[in-house]
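# Chains, contacts and geometry: an overview
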Amino acid sequence: MDGRKQPIRGLWIRGARYYARLNVENPLTGIKKNRRVPLIDKDGNPVQTVAQAVAELKRLQTQRSDNALPTLTRTPKFDDYAARYLDFVGSGHGAKKPGTVEKETTILNRWTDFLGGLRLDQIKRVHVNRFIESRLKENVSPRTINLDVIGLRVVLKRAMSDGLIQRLPTEGLRPLKTSTEKRSLFTAADLDTLCKAAFETKKNKKGGDVPVTENAQEFADYVKLMAYCGARRNEALGLRWDDVDFENGQLFVRRQITERGIEDLKNRDARVVDFNPKLKAHLIEMKARSHNASQWLFPSPQRGDKDIPAKTFRESLELVRERAKLPTFGFHDCRHHFISMCVMSGIDFMTIAAWVGHKDGGVLIGKVYGHLANEHRKAMADRLNFGPAVLQKAANA
């Protein structure tokens, strides 16, 4: 009752507790229903007077009008909600690739084990910080821990969009500092050494000469192609001859080969790599040797009557790099080589990004490879000559 002993609409008292009666929508079902909500102050303590109760009632009504009403029902437990999220993204309707879903599953299982039966609105910053501390004690790399936090944030953002929580416990949380090991530049000379090593012979157990790898030619073609176009290892495996446009001088990168079969690209968008002299010559040579025996640039050596692509050259890589004495070489070094050569050739970062499939317009290339452009400019500056020989040459021209 108010001071005139009149009922205050929507305000109730039961025992010593004040309650609000509000018509609210369930965030999961969308059904509106009258609910009895205990009234508490900003510190989370039950209100003690009618005046306080009226003030809190009006605040809830205002929040409802502004669509900012806090969750008034019990939120799901994190493990249940995470399982529902994974079911959705794994169903094929979540716009995420199987590999991504697999990684998220591993991350969320880790969070489920740590958070136990906590409900979504009970997860606080302190829980996130303790998780990070526990991972650091296990000597997990800061980069991996940052990815763990990102995985949690993705699920909680969905919970926030569902109206189950009002704020993210990771809001304002700075990622751990990481240091990326500088990748050594794989040169053209290294490329030649590696490819030549593939054709060398070695002694077998019986003392006879056998090739370092049985598919030396295909392995060398594979490595050179990636070094000349910047394709990722699985993208190169997914190339068909229909993707090569000799007339317009373009290579279309549209798909990749994984353990699960043929899939879309990493960022789902196909791209075009314009021919450079090395890439053009290499593709012409490969085409002449293919004799149109397969639709794939790199057909499987064990395909039999089926025309299927090779799945991996990992075994050949391990054998060849040991012979070539390049133990740290990996297939990604080919992509690194291509980008490095593009940067040092003075090609703008936006064009390079389009060729290699970066969607940031060249920002990442500037961060990772910008030092190469600076070194290249300095090297060009050292070649600048103001001597009389240059002036005489210009005058004669």
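Up top is the structure.
Remember, it's a predicted structure, so these values are computed and weren't measured experimentally.

Along the backbone of the protein there are 14 helices and ten strands. Put simply, of all contacts in the protein between residues at least 6 apart along the chain, 56% involve residues at least 24 apart. Accessible surface, the protein as shown: approximately 24600 Å² in total, 50% of it carbon and sulfur.

What follows covers the pairing of strand β9 (residues 261–264). The pairing of strand β8 (residues 255–258) with β9 spans four bridges and is antiparallel. Residue pairing across strands places Q256 opposite E263, the latter belonging to β9. Where β8 hands over to β9, the hairpin turn is made up of two residues, counted between the paired strands.

Quick look at the side chain of R335 now. Relative to the helices and strands, R335 is located in helix α11 (residues 332–344). Despite its burial, R335 pairs with no opposite charge, the nearest such side chain being E235 at 4.5 Å. Among the polar contacts listed, one links the side chain of R335 to the backbone oxygen of V356, at a separation of 2.8 Å. Setting aside chain neighbours within four positions, we find R335 in contact with M226, G230, A231, R232, E235, R271, V356 and H358.

What follows covers the pattern of salt bridges. All told, the structure shown has twelve salt bridges when counted by the stated rule. Shared partners join several salt bridges into a network, and the residues in it are R110, R135, E138 and D148.

What follows covers helix α6 (residues 188–198). In an α-helix, one turn spans 3.6 residues; hence positions three or four apart end up facing the same way. Among all positions of α6, only L191, L194, C195, A197 and A198 are buried. Angular distribution of buried residues about the axis of α6 spans 160 degrees; they occupy a single face of the element. Packing partners of the buried residues in α6 comprise α7 (216–229) and α10 (314–323).

When you line up the elements, L225 lands in helix α7. Accessibility expressed as a relative area gives 0% for L225, which makes it buried. In this structure, the C-alpha to C-alpha distance between L225 and M286, residues 61 residues apart in sequence, is 9.8 Å. Apart from residues no more than four positions distant in its own chain, L225 is found in contact with G230, A236, L239, L279, H282, L283, L297 and F298.

Of all hydrophobic cores here, the largest spans 56 residues; its most connected members are L194, F219, L225 and L297. Looking at which element gives the most residues to this core, the answer is α7, with ten residues. In contact with L297, not counting residues within four places along its chain, are L225, L239, R240, W241, V244, L283 and M286.

Turning next to the environment of L156. As for its placement among the helices and strands, L156 is situated in helix α5 (residues 142–161). Once the C-alpha coordinates of L156 and L168 are considered, the two residues, twelve residues apart in sequence, prove to be 6.7 Å apart. Not counting the four nearest positions on each side in its chain, L156 is found in contact with L120, I123, I165, L168 and P169.

A few words now on the sheet that holds strand β10 (residues 271–274). Adjacent strands of a sheet pair through backbone hydrogen bonds, lying either parallel or antiparallel. The sheet built from three strands is open, its strands ordered β6-β7-β10 with antiparallel pairing. Each edge of the open sheet is held by one strand with a lone partner, namely β6 (244–245) and β10. Of the pairings in the sheet, the one linking strand β7 (residues 250–253) to β10 comprises four bridges and is antiparallel in character. When the bridges of β10 are listed, V253 appears paired with R271.

Attention now goes to the environment of D113. Along the chain, D113 turns up in helix α3 (residues 98–115). Looking at D113, the relative accessible area reads 66%, which means it is exposed. Along the backbone, D113 and D79 are 34 residues apart, and their C-alpha atoms lie at a distance of 8.6 Å.

Right, let's talk about the packing of aromatic side chains for a bit. All chains considered together, the criterion is met by eleven aromatic pairs. Their ring planes at 20 degrees and their centres at 3.7 Å tell us that W111 and F131 sit as a pair that is stacked. Separated by 20 residues along the polypeptide, W111 in helix α3 and F131 in helix α4 (residues 125–137) bring together distant segments of the chain. Summarising the burial analysis for this pair, W111 and F131 share the class buried. Sitting over the face of the ring of F88, R158 holds its NZ or CZ atom 4.5 Å from the ring centroid. Cation over ring: K287 sits above W241, and NZ or CZ is 4.8 Å from the ring centre.

What counts and what doesn't
- Residues numbered from 1 in each chain as written.
- Predicted model: local features only at pLDDT ≥ 70, side-chain atom pairs only at ≥ 80, totals over all residues.
- Heavy atoms only, no water.
- Helix = DSSP H or I, 4+ residues; strand = E, 2+ residues; numbered from the N terminus.
- Contact = heavy atoms within 4.5 Å.
- Areas by Shrake-Rupley, 256 points an atom, 1.4 Å probe, with all protein chains shown as cover.
- Pairing = 2+ DSSP bridges.
- Buried < 20%, exposed > 50% of the residue type's maximum accessible area, 1.4 Å probe, protein only.
- Lys, Arg positive; Asp, Glu negative; His and termini not counted.
- Salt bridge = Lys/Arg side-chain N within 4 Å of Asp/Glu carboxyl O.
- Polar contact = N/O pair within 3.5 Å; in protein donor to acceptor, adjacent residues only side chain to side chain.
- Arc of directions from axis to C-beta.
- Core = buried A, V, L, I, M, F, W, Y, C linked by side-chain atoms within 4.5 Å.
- Phe/Tyr/Trp six-rings, centres within 6.5 Å; stacked < 30°, edge-to-face > 60°.
- Lys NZ or Arg CZ within 6 Å of the ring centre and 35° of its normal.

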